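Observations on chain architecture
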Amino acid sequence: MSETEPSGPAPQHVAIIMDGNGRWAASRGRPRAFGHRKGVEAVREAVRNAGELGVRHLTLFSFSTENWNRPAAEVEALFELLRRFVAADLDRLHDEGVRVRILGRREGLSEELLNLIASVESRTAENEKFCLNIAFNYGGRDEIVRAARRAALDHDGDLSKLSEADFTQYLDTAGLPDPDLVIRTSGEHRISNFLLWQAAYAEFVFLDTLWPDFDKAAFERAIAEYANRDRRYGGVRHG
Ligand code: IPE
Ligand code: IPE
Ligand code: MG
């Protein structure tokens, strides 16, 4: 078998750290926002390709709790892109049976954005064909702390009987399977506070491709690499 020929099933849940928009733009002498706009096109393509490649859940990291450290104009541009993505794509995604969820911290978001998020989620809540999760204002540590606070409130402060399965119900990803594959583009080899709890046994594939260049061939390469991994979950080799 060739090194890239898949030998296992497609990952059910793929999560992507979409990185490299700024470098993509800089290499063309353009402002970072240009790279982010191009990045949205890569998002559309990735959603389409995920379905074709047999993936059922796609989680995209689009704004981290640490991205507030960027210049205000860039932060605003990233927020505007989320609004425009919803305005331009929601009808089509809904018609295609896509359930859209927004993961992340709600505090700090404007009333208008909160309304938008609520309407996107409620409108697509019954869709079952494909699940698109957008991690926006998301940080893994922040998610775990918010979950712990809510769990404590629900249990009158006594978490002594709380199981892992109980705890996951308080995470933003409640009800979703853990990611099988986490892809990071742009050549950086770090997790940057993404899905810290959920990625405990995910396979990681790091690509040098910058996010705006992430096309079907890149997605296929990542999935082929995943399919040749041997997931052991702390046990012994599976045949
Ligand atoms: C996109 O890439 C990721 C986001 C935070 C939206 P970057 O904006 O981080 O691009 P680089 O890493 O600076 O190239
Ligand atoms: C991670 O990328 C966050 C998103 C993709 C939204 P960053 O570019 O913010 O991560 P660092 O700063 O390189 O770790
Ligand atoms: Mg980056």
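Definitions and limits used
- Residues numbered from 1 in each chain as written.
- Chains lettered and ligands numbered in written order.
- Predicted model: local features only at pLDDT ≥ 70, side-chain atom pairs only at ≥ 80, totals over all residues.
- Heavy atoms only, no water.
- Phe/Tyr/Trp six-rings, centres within 6.5 Å; stacked < 30°, edge-to-face > 60°.
- Helix = DSSP H or I, 4+ residues; strand = E, 2+ residues; numbered from the N terminus.
- Buried < 20%, exposed > 50% of the residue type's maximum accessible area, 1.4 Å probe, protein only.
- Lys NZ or Arg CZ within 6 Å of the ring centre and 35° of its normal.
- Near = heavy atom within 4 Å.
- Polar contact = N/O pair within 3.5 Å; in protein donor to acceptor, adjacent residues only side chain to side chain.
- Areas by Shrake-Rupley, 256 points an atom, 1.4 Å probe, with all protein chains shown as cover.
- Nonpolar A, V, L, I, M, F, W, Y, C, P; charged D, E, K, R; others polar.
- Pairing = 2+ DSSP bridges.
- Axes fitted to C-alpha atoms, helices over the stretch in contact; angles between N-to-C directions.
- Contact = heavy atoms within 4.5 Å.
- Expected span 1.5 Å × (residues − 1).
- Salt bridge = Lys/Arg side-chain N within 4 Å of Asp/Glu carboxyl O.

1. Considerations on the packing of aromatic side chains
The final tally for this structure, using the stated rule, is 14 aromatic pairs. Between Phe63 and Phe79, the ring centres sit 5.2 Å apart and the planes meet at 80°, which makes this aromatic pair edge-to-face. A residue pair is termed long-range when its members are at least 10 positions apart, and Phe63 in strand E2 (residues 57-64) and Phe79 in helix H3 (residues 72-95) qualify at 16 residues. For Phe63, a relative accessible area of 0% translates into the label buried. Owing to a relative accessible area of 6%, Phe79 belongs among the buried residues under this scheme. Seen from their ring centres, Phe79 and Phe136 are 4.8 Å apart, and the 75° between their planes marks the pair as edge-to-face. You can see Phe79 sitting in helix H3 and its partner Phe136 sitting in strand E4 (residues 130-138), a full 57 residues away along the chain. Summarising the burial analysis for this pair, Phe79 and Phe136 share the class buried. When the ring centre of Trp24 is taken as origin, the NZ or CZ atom of Arg28, which lies over that ring, is 3.9 Å away. Sitting over the face of the ring of Phe34, Arg30 holds its NZ or CZ atom 3.9 Å from the ring centroid.

2. A look at the site of ligand 1
In the region of ligand 1, the neighbouring residues are Met18, Asp19, Gly20, Asn21, Gly22, Arg23, Arg32, His36, Ser62, Asn67, Arg70 and Leu78. Separating an oxygen atom of ligand 1 from a backbone N or O atom of Asn21 is a distance of 3.1 Å. Separating an oxygen atom of ligand 1 from a backbone N or O atom of Arg23 is a distance of 2.7 Å. The fraction of the free accessible surface of ligand 1 (380 Å²) that becomes covered by protein chains is 86%. Listing elements by their share of the shell around ligand 1, those giving two or more residues are helix H1 (21-26) and helix H2 (32-52). For the shell around ligand 1, the element with the highest residue contribution is H1, accounting for three residues. Split into classes, the residues belonging to the shell around ligand 1 amount to two nonpolar, six polar and four charged.

3. A short note on the sheet that holds strand E1 (residues 13-17)
Strand order across the open sheet formed by six strands is E3-E4-E2-E1-E5-E6, with parallel pairing between neighbours. Single-partner strands in this sheet number two, and they are strand E3 (98-103) and strand E6 (203-206). On average, each strand axis in the sheet is inclined to that of its neighbour by 20°, with strand direction left out of account. By the bridge criterion, six bridges tie E3 to E4 in an arrangement that is parallel. Across the sheet, Leu103 pairs through a bridge with Ala135, a residue of E4. Packed onto the sheet, helix H7 (residues 216-227) meets E1, E2, strand E5 (181-184) and E6 and runs at close to 135° relative to E5.

4. Brief notes about the site of ligand 2
Residues in close proximity to ligand 2 include Ile17, Met18, Asp19, Phe61, Ser62, Phe63, Ser64, Asn67, Arg70, Arg184, Arg190 and Ser192, which together make up its full environment. With respect to ligand 2, the side chain of Asn67 contributes an N or O atom lying 2.9 Å from an oxygen atom. Between ligand 2 and the protein, one listed contact pairs an oxygen atom with a side-chain N or O atom of Arg184 at 3.3 Å. Notes on ligand 2: free accessible area 390 Å², of which the protein chains cover 77%. Among the elements that make up the shell around ligand 2, the one with the highest residue count is E2 (four residues).

5. Here we look at H7
In an α-helix there are 3.6 residues to a turn, and that puts residues three or four apart on one side. Taking 1.5 Å of rise per residue, the twelve residues of H7 would be expected to cover 16 Å, and the 16 Å separating its terminal C-alpha atoms lies within 8% of that figure. Within H7 the residues assigned to the buried category are Ala218, Phe219, Ala222, Ile223, Ala224, Tyr226 and Ala227. Against the buried residues of H7 lie E1, H2, E2, E5 and E6.

6. Digging into the pattern of salt bridges
When their charged atoms lie close together, side chains carrying opposite charge are able to pair. Across all of its chains, the model carries 26 salt bridges by this definition. Here Asp19 and Arg184 are joined by a salt bridge, their closest N and O atoms 2.8 Å apart. Placement of the pair is Asp19 in the loop between E1 and H1 and Arg184 in strand E5, with a sequence separation of 165 residues. Of the two residues, Asp19 and Arg184, both sit in the buried class. Residue Glu188 pairs with Arg190 through a salt bridge whose shortest N-O separation is 3.4 Å. Using a relative accessible area of 47% as the deciding quantity, one classes Arg190 as partly exposed. Through salt bridges with shared partners, one network takes in Asp19, Arg23, Arg184, Glu188 and Arg190.

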